[in-house]
Amino acid sequence: MKKKIMFTGGGSAGHVTVNLALIPLFRQEGWAVEYIGSVNGIERELVSPLPDVAYFPISTGKLRRYLDWQNAKDPFRIAKGVYQAYRLIRRRKPDIVFSKGGFVSVPVVIGAWLNRVPVIIHESDITPGLANRIAIPMAEAVCTTFPEAAAHIGKGKGRHVGAVIRNELKQGSAAAGRKLCGFTPQRPVLLVMGGSLGAQSINRAVRQALPELTEAFQVVHLCGKGQLDPALTVPGYCQFEYIRDELPDVLAMSDLVITRAGSNSIFEFLSLRKPMLLIPLTRQQSRGDQILNARSFEKAGYAEVLEEEGLTPQTLLERIGVLHAHRDAYVSAMASGQKTDALAEVFKLIKETAKSR
Ligand SMILES: CC(=O)N[C@H]1[C@@H](OP(=O)(O)OP(=O)(O)OC[C@H]2O[C@@H](n3ccc(=O)[nH]c3=O)[C@H](O)[C@@H]2O)O[C@H](CO)[C@@H](O)[C@@H]1O
């Protein structure tokens, strides 16, 4: 009988991206691949187009850390999600569940645990998010990107594997990227990526600094859904809401990056040796995980950090100037840096865990 894996994870692209890297490997080895996600989340948009991956939507509630009237309905939504996930897993009988976190994953992990299906979790940040904190006691193992994360996992379940990067990101063509944006090979390219959900404050500062930025760089800006500024038609400036298939080419042509400090993005930039100016989400916007990610990369010499509170067009230009002037030093720190090739290791661990059950 065909082996079967069920993936879960969602809410933001960062909670889907590791799954997208692993899915083709399981398909190639003839496994049946299924996905449990939310009804409307980005995971459905990213996973549904994949051939031969059945998508099962379940009810979810957001696990909020702040007071909101929606809180009142969420326990019922989550309870419904647990019931749906439990029944789905009982009926679909996967050999293993792989969870990348995000709030949709909690009912799925509970459903797997109730059905005695083994669960492997992946945690991209230094400190686990709320969903993974709830799920960890029910998991067999927790793969971590950062070595520092093991201390937050406990009970010997943590496995530091490094970052899981999808293979196609390494196969871009700089010439194709330049063609897409109408850029020339003569001038350096600055990529601005405000996290999968965009970043209004970064978009504003970059656009205000554009006259100076475009003197030194060609700028490609991934600004997030609904954030395009169609009136802004500056030579050497190219904007997209979000790209998927073109991302490898855009990465290949880019020399420097301005970005939030979401773990998946920054490890992708590290693996491709792109020096970064990191503008992490604040403690209020996220849970402080991006500040920890950013400081760790700054310490390792991969990045400059500019905190949101200090972000102005002027500070942005100053830091980009520093990054540009010392680009070679950042690139060589990255060359001797952290593990970014965990894909094969995680693939192997999942297969072994499924086999030994
Ligand atoms: C607001 C929030 O909670 N953010 C969290 C979320 O970030 P977020 O969802 O922003 O995630 P990441 O930066 O980790 O990953 C974004 C992913 O989207 C891809 N991408 C992005 C733009 C684009 O145009 N095309 C594209 O494909 C990137 O290549 C990357 O693989 O998950 C991360 C990993 O747990 C956390 O570190 C972040 O704190």
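All values reported here derive from a predicted model rather than from experimental measurement.

Caption draft 1: Molecular detail of the overall build of the chain. On a plain count of helices and strands, the chain comes out with 14 helices and 13 strands. Radius of gyration (C-alpha) of the chain: 20 Å, near the 21 Å computed for a compact globule of 357 residues. Over its C-alpha atoms, taken along the principal directions, the chain stretches across nearly 60 × 45 × 35 Å. Relative to its full complement of 357 residues, the chain shows a buried share of 55%. Counting only contacts in the chain whose residues sit at least 6 apart along the sequence, the fraction spanning at least 24 positions is 64%. Summing over all exposed atoms, the chain offers an accessible surface of approximately 15700 Å²; the carbon and sulfur share of this is 52%. Charge-centre separation for the chain: the mean point of 45 positive side chains lies 10 Å from the mean point of 33 negative side chains.

Caption draft 2: Main features of the packing of aromatic side chains. According to the stated counting rule, one finds nine aromatic pairs in the structure shown. With 4.9 Å between their ring centres and 70° between their planes, Phe 26 and Trp 31 make a pair best called edge-to-face. The exposure class assigned to Phe 26 is buried, which follows from its relative accessible area of 0%. Geometry around Phe 347 places Lys 351 over its ring, the cationic atom sitting 4.0 Å from the centre.

Caption draft 3: The pairing of strand β11 (residues 256-259), seen in detail. With burial as the criterion, each face of β11 is covered, one bearing Leu 256 and Ile 258 and the other bearing Val 257 and Thr 259. Bridge count for strand β8 (residues 189-193) against β11 is four bridges, and the pairing is parallel. Bridge pairing in β11 places Leu 190 opposite Leu 256. By the bridge criterion, three bridges tie β11 to strand β12 (residues 276-278) in an arrangement that is parallel. The partner of Thr 259 across the bridge, within β12, is Leu 278. Between β11 and its parallel partner β12, the chain crosses via helix α10 (residues 263-271), and the hand of that crossover is right-handed.

Caption draft 4: Layout of the confidence of the model for the chain. With 96% of its residues at a pLDDT of 70 or more, the chain has an overall mean of 93. This prediction of the complex comes with two scores: 0.93 for pTM and 0.96 for ipTM.

Caption draft 5: Quick peek at the UniProt feature "binding site: UDP-N-acetyl-alpha-D-glucosamine" (unreviewed entry) in the chain. The feature "binding site: UDP-N-acetyl-alpha-D-glucosamine" (unreviewed entry), as annotated in UniProt, sits at Ser 12, Ala 13, Gly 14, Arg 166, Ser 196 and Gln 290 in this numbering. Within the element layout of this structure, Ala 13 appears in the loop between β1 (4-8) and α1 (17-28). Given a relative accessible area of 9%, Ala 13 falls into the buried group.

Each value, and the rule that gives it
Residues numbered from 1 in each chain as written. Predicted model: local features only at pLDDT ≥ 70, side-chain atom pairs only at ≥ 80, totals over all residues. Heavy atoms only, no water. Helix = DSSP H or I, 4+ residues; strand = E, 2+ residues; numbered from the N terminus. Rg over C-alpha atoms; globule rule 2.2 N^0.38 Å. Buried < 20%, exposed > 50% of the residue type's maximum accessible area, 1.4 Å probe, protein only. Contact = heavy atoms within 4.5 Å. Areas by Shrake-Rupley, 256 points an atom, 1.4 Å probe, with all protein chains shown as cover. Lys, Arg positive; Asp, Glu negative; His and termini not counted. Charge placed at Lys NZ, Arg CZ, Asp CG, Glu CD. Phe/Tyr/Trp six-rings, centres within 6.5 Å; stacked < 30°, edge-to-face > 60°. Lys NZ or Arg CZ within 6 Å of the ring centre and 35° of its normal. Pairing = 2+ DSSP bridges. Right-handed = clockwise from strand over helix to strand, strands pointing away. pLDDT = per-residue confidence, 0-100. UniProt positions renumbered as here; feature names shortened; annotations may be inferred.

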